[in-house]
Amino acid sequence: MTIELPSLPYPENALEPHLSRETLQYHHGKHHAGYVDALNEGLADSELADYKLEDLVQVIEGELFNPAAQAWNHAFYWQCMTPESGTAPGAALQQAIDSSFGSMDKLREAFTTAAADNFASGWTWLVKDNSNRLMVMNTDDADTPLRRAGLTPLLTTDVWEHAYYIDYRNARGDYLDAFWELVNWEFVASNFQ
Ligand code: MN3
């Protein structure tokens, strides 16, 4: 079995003006595709070649961890955004946001602060634990909460420079503001349930 590069869930220019077609062409078509290619190359003839990507990420060790986790993280990231404005978290997730952070604004503040302070090339996540408590966490490089027992990823943003340098150069904060405008709360809510 070959791990496929998933198509973007929207056209390459659909996230403009927040993220340009050029950014998506490079980020999806070069970076994400490159991780998928490296993974498939490395997996050839391996007993892990029949695993689903999500399962693979949880068990894989060694040099193939990075491309496997990056393949999954990026597929998840694309789904976290939508060109449709006004998606809503729904009652159950909103209640969890309120009880864990106080409000949607406080969640945004916690998430954006963590992402701005993430010194690594890495990712910032909203996750839930087994008791539906929500947390914001950073990971370095390819690392992912899929590797943490009991944590379920709900939302992520990519803070590797390749995610924003074409559009925002070094201004990660402007990228994070743009990202927040694009969050697909229906997808986040589907991960919460
Ligand atoms: Mn990336």
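Since we're looking at a predicted model, the values are computed, not measured.

**Q** How would you explain the coordination of the manganese ion if you had to name every residue and give the values?
**A** Coordination of the manganese ion by the protein involves His 27 (NE2), His 74 (NE2), Asp 158 (OD) and His 162 (NE2), with metal-donor separations of 1.9 to 2.2 Å. Counting along the primary sequence, the residues that act as donors to the manganese ion give the motif H-x46-H-x83-D-x3-H. With His 27 in helix α1 (residues 21–43) and Asp 158 in strand β3 (residues 152–158), this residue pair connects regions lying 131 residues apart in the sequence. Accessibility classification places His 27 together with Asp 158 in one group, the buried group.

**Q** Run through the packing of aromatic side chains, naming residues and quoting values.
**A** What the rule picks out here adds up to 12 aromatic pairs. Between Tyr 77 and Trp 78, the ring centres sit 5.0 Å apart and the planes meet at 55°, which makes this aromatic pair tilted. Neither residue differs from the other here; Tyr 77 and Trp 78 are each classed as buried. Taking 6.0 Å as the distance between ring centres and 35° as the angle between the ring planes, the aromatic pair formed by Trp 123 and Trp 125 counts as tilted. Trp 125 carries the same exposure label as Trp 123, and that label is buried. Every member of this aromatic cluster is reached through a ring pair, and the members are Trp 72, Phe 76, Tyr 77, Trp 78, Phe 111, Trp 123, Trp 125, Phe 179, Trp 180, Trp 185 and Phe 187.

**Q** Just give me the short version of the pattern of salt bridges, but keep the residues and values in it.
**A** Pairing is possible between side chains of opposite charge, provided their charged atoms come close. Taken as a whole and judged by the stated rule, the model has 3 salt bridges. The shortest N-O distance in the salt bridge between Glu 61 and Arg 147 comes to 3.4 Å. Of the two residues, Glu 61 is situated in the loop between α2 (53–59) and α3 (65–79) and Arg 147 in the loop between β2 (134–140) and β3; the sequence distance between them amounts to 86 residues. A relative accessible area of 28% means that Arg 147 is categorised as partly exposed. For Asp 143, the salt bridge identified is with Arg 148, shortest N-O distance 3.0 Å. Using a relative accessible area of 21% as the deciding quantity, one classes Asp 143 as partly exposed. Arg 148 gets classed as partly exposed once you look at its relative accessible area, which sits at 30%.

**Q** Can you tell me about the side chain of Asn 184, naming the residues and giving the values?
**A** For Asn 184, the location among the structural elements is in the loop between α7 (172–182) and α8 (185–192). The class for Asn 184 is buried, based on a relative accessible area of 15%.

**Q** So what about the sheet that holds strand β1 (residues 122–128)? Which residues, and what values?
**A** Taken in spatial order, the 3 strands make up an open sheet running β2-β1-β3, and their pairing is antiparallel. Edge strands, defined here as strands with exactly one partner in the open sheet, are β2 and β3. Going from strand to strand, the sheet's axes swing by 25° on average, the running direction of each strand aside. In the packing of α8 onto the sheet, contacts are made with β1, β2 and β3, and the angle to β3 comes to roughly 150°.

**Q** An account of the nonpolar core is requested, with residue identities and associated values reported.
**A** Counting 62 residues, the largest nonpolar core has Leu 155 and Trp 185 as the members making the most contacts within it. Take this core: its biggest share by element is 8 residues, from α3. Ignoring sequence-local partners within four residues, the contact set of Trp 185 consists of Thr 87, Ala 88, Pro 89, Leu 93, Ile 97, Met 104, Leu 107, Leu 155 and Trp 180.

**Q** Requested: an account of unusual backbone geometry, with residues and values cited.
**A** Residue Glu 16 is joined to Pro 17 through a cis peptide bond whose omega torsion reads 5°. The topology assignment puts Pro 17 in the segment before α1. Phi at Asn 132 takes a positive value of approximately 65°, unusual for a residue other than glycine. Position of Asn 132 relative to the elements: it lies in the loop between β1 and β2.

**Q** Explain the side chain of Asn 118 residue by residue, including any values.
**A** Along the chain, Asn 118 falls in the loop between α5 (104–117) and β1. With relative accessibility at 4%, the residue Asn 118 sits in the buried group. Among the polar contacts listed, one links the side chain of Asn 118 to the backbone oxygen of Trp 123, at a separation of 3.1 Å.

Cut-offs used in this document
- Residues numbered from 1 in each chain as written.
- Predicted model: local features only at pLDDT ≥ 70, side-chain atom pairs only at ≥ 80, totals over all residues.
- Heavy atoms only, no water.
- Donors = N, O, S within 2.8 Å, 3.2 Å for Na, K, Ca; no water.
- Helix = DSSP H or I, 4+ residues; strand = E, 2+ residues; numbered from the N terminus.
- Buried < 20%, exposed > 50% of the residue type's maximum accessible area, 1.4 Å probe, protein only.
- Phe/Tyr/Trp six-rings, centres within 6.5 Å; stacked < 30°, edge-to-face > 60°.
- Salt bridge = Lys/Arg side-chain N within 4 Å of Asp/Glu carboxyl O.
- Pairing = 2+ DSSP bridges.
- Axes fitted to C-alpha atoms, helices over the stretch in contact; angles between N-to-C directions.
- Contact = heavy atoms within 4.5 Å.
- Core = buried A, V, L, I, M, F, W, Y, C linked by side-chain atoms within 4.5 Å.
- Polar contact = N/O pair within 3.5 Å; in protein donor to acceptor, adjacent residues only side chain to side chain.

By themselves, these figures tell us nothing about what the structure is for.
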